[in-house]
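Here's the letter readout for the chains.
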Amino acid sequence: MPHATASLTRRAGRFLRTSLFAQVLIALVLGVLVGRLWPQAGASLQPLGDGFVRLIKAMIAPLVFCVVVAGITKAGDLKAFGRIGVKALIWFEVATSIALVVGLLAGNVFAPGAGMHIDPESLDKGAVDAKAGGGQLPSAAQFVLESLPDSAVGAFAENSLLQVLVLACLVGAALLHLGQTKVPQILPVIEQAQDVVFTIVGFLMKLAPLAVLGATAHLVGEYGLGAMSTYGKLIAVCYGVALLFLVLLGCALKAVTGLSLWKFVRYTREELLLALGTGSSETVMPRMMQKLRAAGCRDDAVGLVLPTGYSFNLDGASIYLSIGTLFIAQAIGVDLSLGQQITVVLVLMLTSKGMAGVPGSAFLALSATASALGVIPAAAVALLLGVDRIMDSMRVATNLLGNCVAVFAVSRWEGALDRVTAKKVLNGELPAAAQTDRPAEQDRAAEPATAEVAKPREAAAGPGAASVTTRDT
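Residues numbered from 1 in each chain as written. Predicted model: local features only at pLDDT ≥ 70, side-chain atom pairs only at ≥ 80, totals over all residues. Heavy atoms only, no water.

**Observations regarding the environment of A168**
Thought 1: Relative to the helices and strands, A168 resides in helix 9 (residues 161-178).
Thought 2: Measuring from C-alpha to C-alpha, the distance between A168 and V64 comes to 8.1 Å, with 104 residues separating the pair along the chain. (Helix = DSSP H or I, 4+ residues; strand = E, 2+ residues; numbered from the N terminus.)

In structure tokens, the structure reads:
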């Protein structure tokens, strides 16, 4: 019996040392306890989470650049890359529109703000300005212009993913034009740099439990659990709609690719829990790119669709904004007509595309919607200040899964998905670490439509190319 107990203890200790999921889960529970029992101490732990997010963000721009350049060059077809971009934008627009409409329908049915009878004059308009930091959402023309880099160094220094994508597309196109005979060493260098970035991310992921502990303790310590009762109905409606939307996404994924969203959630449970704990989906972008590539998605599809989705495919934010707009109107006693609700959808379809990276973007989008309607005072947006941070988990999970589903769907649409490999990986039959080392022939042979134009990974990369491996971090 003592021997069995010791063996069980060793196995438990080994599991805790090697399982990021278990470490993050324990950190999440500890964060809630610290924030609840010692609110001031919990609130002071925010730098742990913020520091981790900053370190991960520093790796995202170079990683996206390397993956996209390598993806374009290996695919050997710039037109195919352009098609992937167009199809991704179509998917994003359809998905976010459905999210907005579903959110509005739920807001009308459940009326989370009904009966509150809030006087807008009693609300502090300055609090919304403080939350937004005096910023504003870019116009459509400004958004497009700011997506174009005016400095190659500046795009990386400012961590502007869209600008980095533009640079990566230009470099990839130039490499295709010049061919491997003129620049035989460039692609191997880019792939080796990609290896270095993934290794650094592996090092940083060891700090993830500390980041989750700090972020969770700060959230509970700063805001407490009182908001759960004050805004209980709104929270329940938003999370319920998000769950329904994910079910719809799962059905779409099954219909388009034959894959199971639930199995993908199980496959990426560590990344999802980390994103929930830190309140940021950017912290797991590098790991998600690795796992999507391991699950049979071609490099160029992953490199373009996933980063672009962070700006164009904010499904969770769309749900929150549509329900939040109705909540505000109901709370102050304004009955929005069908025409006004259609206006809400149209305005949010535009404003949600420029939200990424803008401080207080949700409140700026809500303020813009209130101004467009003309019947909701701008000060009424302050009603959501007390619950906004609690909605982060819903937005992060829905945005992240929505973008991953988009990668699978667009990859299948373009013939860039190895469904056999994807099913094996999601079923646990093929370890992710082994899959990332697969030869290019398997990577490209998923679909007959692309098999003819595919080039072997080794041939495209040239001599000395380094393959990217997924490390168990």
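**Focus: the packing of helix 10 (residues 186-205) against helix 16 (residues 285-294)**
When two helices pack together, their arrangement is given by the angle between the helix axes and the distance between those axes.
Thought 1: Their axes nearest at 10 Å, the elements helix 10 and helix 16 cross at an angle of 120 degrees. As summarised for this structure, helix 10 and helix 16 are arranged oblique, according to the angle between their axes. For the crossing formed where helix 10 meets helix 16, the hand is left-handed. Contacts between helix 10 and helix 16 involve Q194, F198, V201 and M205 from the former and P286, R287, Q290 and R293 from the latter.
Thought 2: A class-by-class count of the residues in the contact of helix 10 with helix 16 yields 4 nonpolar, 2 polar and 2 charged. (Axes fitted to C-alpha atoms, helices over the stretch in contact; angles between N-to-C directions. Parallel < 35°, antiparallel > 145°, perpendicular 65-115°, else oblique. Left-handed = near helix turned anticlockwise from the far one by under 90°. Contact = heavy atoms within 4.5 Å. Nonpolar A, V, L, I, M, F, W, Y, C, P; charged D, E, K, R; others polar.)

**Let's talk about the nonpolar core**
Thought 1: Residues L234, F264, L384 and F408 are the most contacted members of the largest nonpolar core, which totals 125 residues.
Thought 2: In terms of residues, this core owes the most to one element, helix 4 (residues 46-75), which gives 13 residues.
Thought 3: What L384 contacts, discounting residues up to four positions off in sequence, is L234, Y320, G324, F327, I328, F363 and L366. (Core = buried A, V, L, I, M, F, W, Y, C linked by side-chain atoms within 4.5 Å. Buried < 20%, exposed > 50% of the residue type's maximum accessible area, 1.4 Å probe, protein only.)

**So, the confidence of the model for the protein chain**
Note that predicted coordinates carrying low pLDDT should not be read in detail.
Thought 1: Per-residue confidence for the protein chain gives a mean pLDDT of 80, with 79% of residues at or over 70.
Thought 2: Across residues 433-473 the pLDDT falls below 50, and counting only partners more than four positions away or on other chains, this stretch makes 90 contacts in the model. (pLDDT = per-residue confidence, 0-100.)

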